[in-house]
Amino acid sequence: MVESTVDLRVVNARVVTPEGTISGGVAADDGIVVGVGTESNLPDAEHEIDADGNYLIPGFIDPHVHWGLSRYEYEYHEGLEHDFETETRGAIHGGVTTVVNFLLQKEPYLPDMEFFRRAGEENSYIDFAYHAIVHQDHHVEEIPDLAEAGVRSYKVFFNWYKHASPELGIDHSDAGRVFRVLDEVSDIPGGVVMFHAENEDLAIERRNDLQEEGRNDLPAWTEASPNVAEAMQIEQIGQLTEYTDSRAYVVHMSTGEGVDICERYQQKGVNLHAETLPAFLSHTYEQEDLGVWGKISPPLRGEASKKRLWEGLRTGVVDYLGTDHCPHKIEFKEKGEGKHGDIWEAIPGDNNGIEYFLPVMMSEGVNENRISMERLVEVCAANNAKRWGLYPRKGAIAEGSDADMVIVDLEKSAVVDDDFYHTMEPRYSTFHGEELTGLPTHTIVGGEVAVEDGELLVEPGDRTYLSRGPEGVTLEHDG
């Protein structure tokens, strides 16, 4: 039988598929996976990549990024366009091939949806979807129409940002709004309510105490929002999710206590799930040398929480990973006071997370035997795709899926320095100065080799807004 020639095939790989890891390769044509199996069963291709026995995995999906928030330089819409180009450029160097960005403005979202779609289509290197942050009453009213526009996930800041980061202009959400949003979303197919969980009442009291003591160190930032502050909010979220029979997702969960609470509710059949971040799996607040670079919200925790988060990932209680990538230039992050400046005034948030996402999880996870490659692909690709209505178009190497793939060399190393990054701001992160082992050699986006051995081979733009309907997104060849 004579087979036609396809665009691309990858051979001599350990291919991580939904069914397991196989030795062989993948063929792709017109951006779609058309064959998975042994080399002899794959069609000839115009372009062939020898994976040298390395892993071939689905591209990671980052479900948690904040483009456009550096309002020190840009108006929000202008910043969104800017960050789609700079930060997704870093994404493809790091092995992330799909992103879900949080929309954040005080104004209603619906009048700007066409702009939001165009901002990504024209500037991104990868396909993208959106969550909407609901922090005004009119945002809550928009939820049904946002669902029709393909946005079926809604974030509530159930925390203390009106004190901790007032420049973001995020209004406080109380338990009443939490109930209202959960209740509204319970009737939306595929709808999920996302929560930043830190108790505001406790945190502001602790902050005032610590500032009166003259504390200005990284551990003080953790003490200002102790483990119990996150646990209190997750408990309320669990109770209200059960009460409304809705679906809840705790973003960037940082504590072992959070894992325990989620496990208890999951065992009761409540749809309460959580993500964590590479930083919480790798760092603790005792690393005072991080200075304000280590100021993340919620804060870094201790060794016990780090260990419990890894356990939660392995056992399935913590089923998702993201980065909370929020790009700012170093002078804005530090508020001009240097790495060891004012811990209270510095911007909370990690930087460059999307580019170190895969390398950190390979280095700290797979190579340290904390998690298997198959489970890592599940929590960083498949589960993220399923939760946000993108599967099986994204998150899997399977016939009919988008050909978004990454070849990973588990022995390849690099030191995280200014030359490591390809994003807007390469000069700092919580991983600066560390050596990571387990890096991408090739990133393939839509069947096209986007990055090969560190060389960028594509231009931004011509990407797809992933509009999520009641059944999720359509497969490319269905649409």
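All figures in this text were calculated on a predicted structure; none of them were measured in a lab.

Peer 1: Sorry, what's going on with the overall build of the protein here?
Peer 2: From N to C terminus, the protein includes 14 helices and 17 strands. Relative to the compact-globule value of 23 Å for 479 residues, the protein shows a C-alpha radius of gyration of 21 Å, a close match. Counting only C-alpha atoms and orienting by the principal axes, one finds that the protein spans roughly 75 × 45 × 45 Å. Among the 479 residues that make up the protein, the fraction classed as buried is 63%. Pairs at least 24 residues apart make up 78% of the contacts formed inside the protein by residues separated by at least 6 positions. In the form shown here, the protein has an accessible surface area of approximately 16,900 Å², with 42% of it arising from carbon and sulfur atoms.

Peer 1: Any chance you could explain empty space enclosed by the protein here in plain terms?
Peer 2: To find leftover empty space, one rolls a probe the size of a water molecule over the atoms. All chains considered together, the criterion is met by three cavities of 30 Å³ or more. Looking at the second largest cavity, its volume works out to about 50 Å³. Along the walls of the second largest cavity sit Pro58, Gly59, Ile61, Thr97, Thr98, Arg393, Lys394, Gly395, Ala396, Ser401, Asp402 and Asp404, which together make up its complete lining. Its residues assigned to classes, the lining of the second largest cavity shows three nonpolar, five polar and four charged.

Peer 1: How should I be thinking about the side chain of glutamate 230 in this particular structure?
Peer 2: Along the chain, the position of glutamate 230 falls in helix 8 (residues 227-244). Arginine 301 provides the closest opposite charge to the buried, salt-bridge-free glutamate 230, at an N-O distance of 4.6 Å. Residues contacting glutamate 230, with those up to four places away along its chain left out, are Ala197, His252, Met253, Ser254, Thr255, Pro298 and Arg301.

Peer 1: Looking at this structure, how should I read the packing of aromatic side chains?
Peer 2: In this description, a pair of aromatic rings is defined by centroid distance and the angle of the planes. Evaluation of the coordinates by the stated rule reveals 16 aromatic pairs. Between phenylalanine 179 and tyrosine 243, the ring centres sit 5.9 Å apart and the planes meet at 40°, which makes this aromatic pair tilted. Within this pair, whereas phenylalanine 179 is found in helix 5 (residues 175-185), its partner tyrosine 243 is found in helix 8, the two being separated by 64 residues in sequence. An aromatic cluster is defined as three or more aromatic residues linked by ring pairs; in this entry it consists of Tyr76, Phe84, Phe115, Phe116, Phe128, Tyr130 and Tyr465.

Peer 1: Would you mind showing me how to read helix 2 (residues 113-123) here?
Peer 2: The periodicity of an α-helix, 3.6 residues per turn, causes residues three or four places apart in sequence to face the same way. For helix 2, the set of buried residues is Met113, Phe115, Phe116, Ala119, Gly120 and Asn123. In the core, the buried residues of helix 2 are packed alongside helix 1 (76-94), strand 7 (96-103), strand 8 (127-133) and helix 3 (137-148).

Peer 1: Whenever I open this one, the pattern of salt bridges confuses me. Can you help?
Peer 2: It is possible for side chains of opposite charge to pair when their charged atoms get near one another. Counted under the stated rule, the structure contains 25 salt bridges. The salt bridge involving lysine 394 is made with aspartate 127; its shortest N-O contact spans 2.8 Å. Note that lysine 394 is positioned in the loop between helix 14 (373-387) and strand 14 (405-415) and aspartate 127 in strand 8, a separation of 267 residues in sequence. A relative accessible area of 3% means that aspartate 127 is categorised as buried. Measuring nitrogen to oxygen at the nearest pair gives 2.8 Å for the salt bridge that ties aspartate 402 to lysine 394. A residue is classified by how much of its surface remains accessible, and aspartate 402, at 6% relative accessible area, is buried.

Peer 1: Just checking my understanding: could you explain the sheet that holds strand 13 (residues 320-321) for this structure?
Peer 2: To summarise the sheet geometry, strands pair through backbone hydrogen bonds and adopt either a parallel or an antiparallel arrangement. A sheet is described by the order of its strands in space; here eight strands give the open sequence 6-7-8-9-10-11-12-13, paired in parallel fashion. Edge positions in the open sheet fall to strand 6 (60-65) and strand 13, since each of these has one partner strand only. Relative to strand 7, strand 6 is paired through four bridges, and the arrangement is parallel. In the strand pairing of strand 7, isoleucine 61 is matched with threonine 98.

Peer 1: Looking at this structure, how should I read the environment of glutamate 435?
Peer 2: Topologically, glutamate 435 is positioned in strand 15 (residues 435-445). Along the chain, glutamate 435 and proline 359 lie 76 residues apart, while their C-alpha atoms are 9.8 Å from each other. Beyond its immediate sequence surroundings of up to four residues, glutamate 435 is in contact with Ser363, Ser413, Ala414 and Val415.

Peer 1: What is the right way to read the nonpolar core from this model?
Peer 2: Proteins that are soluble and globular tend to have nonpolar side chains buried together. By size, the foremost hydrophobic cluster in this structure holds 121 residues, and its most contacted members are Ile57, Tyr154, Met362 and Leu376. A total of seven residues in this core trace back to one element, the largest contributor, which is helix 14. If we skip the residues at most four places from it in the chain, methionine 362 touches Ile57, Phe60, Asn367, Met373, Leu376, Val408, Leu410, Thr437 and Gly438. One finds Leu8, Val10, Val33 and Val449 within the second-largest nonpolar core, a separate group that totals 16 residues.

Peer 1: What's the story with helix 3 in this structure? I'm lost.
Peer 2: Within helix 3, burial applies to His139, Val140, Glu142, Ile143, Leu146 and Ala147. All buried residues of helix 3 fall inside an arc of 160° around its axis, so they share one side. Facing away from the buried surface of helix 3 by more than 90 degrees, the exposed residues are Asp137, Glu141 and Glu148. Where helix 3 is buried, its residues meet helix 2, strand 8, strand 9 (153-158) and helix 5.

Peer 1: Is there a simple way to think about the environment of glutamine 136 in this case?
Peer 2: Counting through the fold element by element, glutamine 136 comes out in the loop between strand 8 and helix 3. Assessed through its relative accessible area of 13%, glutamine 136 is described here as buried. Between the C-alpha atoms of glutamine 136 and alanine 346, which are 210 residues apart in sequence, the distance is 25 Å. Those residues in contact with glutamine 136 that sit more than four places away from it in its chain are Lys106, Asp171 and Arg177.

Peer 1: Would you take a moment to explain the environment of tyrosine 249 for this structure?
Peer 2: With respect to the helices and strands, tyrosine 249 occurs in strand 11 (residues 247-250). Judged by its relative accessible area of 0%, tyrosine 249 is buried. A sequence separation of 181 residues divides tyrosine 249 from glycine 68, and the C-alpha atoms of the two residues are 23 Å apart. The residues contacting tyrosine 249, other than those within four sequence positions of it, are Pro63, Val192, Val193, Met194, Phe195, His273, Glu275, Tyr320, Arg387 and Trp388. Within the local environment of tyrosine 249, its side chain forms a polar contact with the side chain of glutamate 275, the two groups lying 2.6 Å apart.

Conventions we followed
- Residues numbered from 1 in each chain as written.
- Predicted model: local features only at pLDDT ≥ 70, side-chain atom pairs only at ≥ 80, totals over all residues.
- Heavy atoms only, no water.
- Helix = DSSP H or I, 4+ residues; strand = E, 2+ residues; numbered from the N terminus.
- Rg over C-alpha atoms; globule rule 2.2 N^0.38 Å.
- Buried < 20%, exposed > 50% of the residue type's maximum accessible area, 1.4 Å probe, protein only.
- Contact = heavy atoms within 4.5 Å.
- Areas by Shrake-Rupley, 256 points an atom, 1.4 Å probe, with all protein chains shown as cover.
- 1 Å grid on protein atoms, 1.4 Å probe; cavity = no way out; pocket = protein on both sides within 12 Å on 5 of 7 lines; lining within 4 Å.
- Points joined across faces, edges and corners; volume = space filled by probe spheres on them.
- Nonpolar A, V, L, I, M, F, W, Y, C, P; charged D, E, K, R; others polar.
- Lys, Arg positive; Asp, Glu negative; His and termini not counted.
- Salt bridge = Lys/Arg side-chain N within 4 Å of Asp/Glu carboxyl O.
- Phe/Tyr/Trp six-rings, centres within 6.5 Å; stacked < 30°, edge-to-face > 60°.
- Pairing = 2+ DSSP bridges.
- Core = buried A, V, L, I, M, F, W, Y, C linked by side-chain atoms within 4.5 Å.
- Arc of directions from axis to C-beta.
- Polar contact = N/O pair within 3.5 Å; in protein donor to acceptor, adjacent residues only side chain to side chain.

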